[in-house]
Structure formats: structure tokens, C-alpha cells
Amino acid sequence: MQIEVVDGRDKGSVMLYALSTCGWCAKTRDLLKSLGVKFSYLYVDKVAQDEQEQVVREIERFNPHLSFPTLVIGNDHVIVGFREDEIRKELA
């Protein structure tokens, strides 16, 4: 599984589940970079076939609809979709 890490200010655990072909996912990733926070991201569509079930189960814990982008801040705050104001509020 290829989890990428973008360095920045440590705001705790920030994980972005995204699709490589999703425009809203790219906007979310770019916003996180512009905020200068450290975060990890995973392109779910690039995960090896034998790991996909595990990744899907992990995402469904936070977002049962399995829609993207899914941003998990800490262990309990989940933002689904590109919600710029909410992301800024949580991470600024």
C-alpha cells in the first residue's frame, strides 16, 4: 500500500483517502498543502488488488458511503467531499 506523506506543521493525524482521477480529491490535497499541515494520503484506485478489501473496510469505518475525498482528522473527525471552510476551520 503506497501511503504518501506530505511534510508540514504537525496537527495530529490527518489522512486523506482519494482517487487519482478525482478533481475534488486533487483540490482537497492542494488545500492541505497550501495550509502547510503534515498529512498522509492514499490513492485508493492505485492500491494493489490484494489490498483493496482491507482499504475499503478501513474507509467504510469513517464513511460508509465510500465516497471521495474522505478526510480523517484525528481518530474521529471526518470530512467527506471538498468542504474548504470546514477543512480550514479544523486545520488552520
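That block above? That's the structure.
Residues numbered from 1 in each chain as written. Predicted model: local features only at pLDDT ≥ 70, side-chain atom pairs only at ≥ 80, totals over all residues. Heavy atoms only, no water.

**A short note on the overall build of the chain**
Piece 1. The helix and strand tally for the chain stands at 3 helices and 5 strands.
Piece 2. Of the regular secondary structure in the chain, the N- to C-terminal order runs β-β-α-β-α-β-β-α.
Piece 3. For the chain, the C-alpha radius of gyration of 12 Å lies close to 12 Å, the compact-globule estimate for 92 residues.
Piece 4. Seen through its principal axes, the chain has C-alpha atoms that stretch 35 × 25 × 25 Å.
Piece 5. Buried residues in the chain amount to 36% of all 92 residues.
Piece 6. Within the chain, residue pairs in contact and separated by at least 24 positions form 67% of the contacts whose partners lie at least 6 positions apart.
Piece 7. Here the chain displays about 5,500 Å² of accessible surface, and carbon together with sulfur accounts for 45% of that area.
Piece 8. Computing the positive centroid from 12 side-chain charges and the negative centroid from 15, the chain places the two 6 Å apart. (Helix = DSSP H or I, 4+ residues; strand = E, 2+ residues; numbered from the N terminus. Rg over C-alpha atoms; globule rule 2.2 N^0.38 Å. Buried < 20%, exposed > 50% of the residue type's maximum accessible area, 1.4 Å probe, protein only. Contact = heavy atoms within 4.5 Å. Areas by Shrake-Rupley, 256 points an atom, 1.4 Å probe, with all protein chains shown as cover. Lys, Arg positive; Asp, Glu negative; His and termini not counted. Charge placed at Lys NZ, Arg CZ, Asp CG, Glu CD.)

**As for the pattern of salt bridges**
Piece 1. Counted according to the given criterion, the structure contains 3 salt bridges.
Piece 2. Residue Arg57 pairs with Glu53 through a salt bridge whose shortest N-O separation is 2.9 Å. Here Arg57 and its partner Glu53 are both found in helix H2 (residues 49-62), 4 residues apart, which amounts to about one turn of the helix.
Piece 3. Residue classification places Arg57 among the partly exposed residues on the basis of a relative accessible area of 48%. (Salt bridge = Lys/Arg side-chain N within 4 Å of Asp/Glu carboxyl O.)

**Let's talk about the sheet that holds strand S1 (residues 4-6)**
Piece 1. With respect to topology, 5 strands assemble into an open sheet ordered S1-S3-S2-S4-S5, the strand pairing being mixed. Here the strands that pair on one side only, and so sit at the sheet edges, are S1 and strand S5 (77-80). Sheet twist, expressed as the mean angle between neighbouring strand axes with direction ignored, is 20 degrees.
Piece 2. Where strand S2 (residues 14-18) lies against strand S4 (residues 70-73), 4 bridges are found, and the strand directions are antiparallel. Note that in S4 the partner of Val14 across the bridge is Ile73. (Pairing = 2+ DSSP bridges. Axes fitted to C-alpha atoms, helices over the stretch in contact; angles between N-to-C directions.)

**Re helix H1 (residues 23-35)**
Piece 1. When the terminal C-alpha atoms of H1 are compared, their 18 Å separation across 13 residues agrees well with the 18 Å that a helix rising 1.5 Å per residue should span.
Piece 2. Taken together, the buried positions of H1 are occupied by Cys25, Thr28, Arg29, Leu31, Leu32 and Leu35. Each buried residue of H1 sits inside an arc of 160 degrees when the element is viewed along its axis, so together they form one side.
Piece 3. For H1, the elements touching its buried residues are S2, strand S3 (39-43), S4 and helix H3 (84-91). (Expected span 1.5 Å × (residues − 1). Arc of directions from axis to C-beta.)

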